[in-house]
Amino acid sequence: MASYSTNEIKNGAKLLIDGEPCTVVNNEFVKPGKGQAFNRIKVKFYRSGRILEKTYKSGDSIEVADVMELDMEYSYTDGEFWHFMKTDGSFEQLGADANAIAEAKDWLKEQEVYTIVLFNGAILSVTPPNFIELQVTQTDPGVKGDTAQGGSKPATLATGAVVNVPLFIEEGEFLRIDTRSREYVSRAKQ
């Protein structure tokens, strides 16, 4: 297997620690006044989602995880698995379990392209696009004059996600939402 030296590791690198694939969240090089330099590496495990901080001596090597990132289109769910199709023209489909889509569940929209992380042919995680356009299915009517500074109200989107939107938004409108912060960005043209 390939391996990285501690001085080659960058944020976002995919490593194999204790047989589990993970991604580097933070890599800090520490050179104390006395003693050997070391790297303090913070990693996030794909399967469990837990974050672990490990310390390695400078020059140690760490195994590289054989992880692939692909763009795949969400197709459907059968209740147990969420199915994604490759966009390379092969039409091959893979199923993701509930753990893999945990962070993206509120943003799953048919025929939308997502970033999929594969390890040994199984989907580890699903990352939604930064911005997604969804329809408002339920929101309270905004009454003119309710606030002096233009307030907000909760709105339920077609995927079941609830976000705060300005008072002028009505049911049936399409909105552009930032999936990273769960914030309303603008109205979408449909």
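Residues numbered from 1 in each chain as written. Predicted model: local features only at pLDDT ≥ 70, side-chain atom pairs only at ≥ 80, totals over all residues. Heavy atoms only, no water.

## Things to note about the overall build of the protein chain
For the protein chain, the count of helices and strands is 0 helices and 16 strands. A compact globule built from 190 residues would reach a C-alpha radius of gyration of about 16 Å, whereas the protein chain, at 21 Å, exceeds it by more than 25%. Its C-alpha atoms give the protein chain principal-axis dimensions of roughly 65 × 45 × 25 Å. A total of 190 residues make up the protein chain; the buried ones form 35% of that total. A separation of at least 24 residues holds for 42% of the contacts in the protein chain among residues at least 6 apart in sequence. In the form shown here, the protein chain has an accessible surface area of approximately 11,200 Å², with 46% of it arising from carbon and sulfur atoms. (Helix = DSSP H or I, 4+ residues; strand = E, 2+ residues; numbered from the N terminus. Rg over C-alpha atoms; globule rule 2.2 N^0.38 Å. Buried < 20%, exposed > 50% of the residue type's maximum accessible area, 1.4 Å probe, protein only. Contact = heavy atoms within 4.5 Å. Areas by Shrake-Rupley, 256 points an atom, 1.4 Å probe, with all protein chains shown as cover.)

## What to know about the side chain of D178
Positionally, D178 belongs in strand β15 (residues 174-178). Under the relative-accessibility criterion, D178 is labelled buried at 12%. For D178, the residues in contact, after removing those within four places along its chain, are N130, F131, E183 and V185.

## Things to note about the nonpolar core
Looking at soluble globular proteins, one finds that nonpolar side chains tend to be buried together. Core analysis: the largest hydrophobic core is formed by 27 residues, its most contacted members being F84, W107, Y114, I116, I123, V126 and L157. Leave out the neighbours within four places in its chain, and V126 touches F84, A96, A100, I101, A104, Y114, T115 and I116. If you look at the next biggest cluster of nonpolar residues, it comprises 11 residues, including I9, A13, L15 and V43. (Core = buried A, V, L, I, M, F, W, Y, C linked by side-chain atoms within 4.5 Å.)

## Observations concerning the pattern of salt bridges
Applying the stated rule across the entire model yields 9 salt bridges. Across the pair K86 and E92 runs a salt bridge whose closest N-O atoms are separated by 3.2 Å. (Salt bridge = Lys/Arg side-chain N within 4 Å of Asp/Glu carboxyl O.)

Everything listed is a geometric property; what it means functionally is a separate question.
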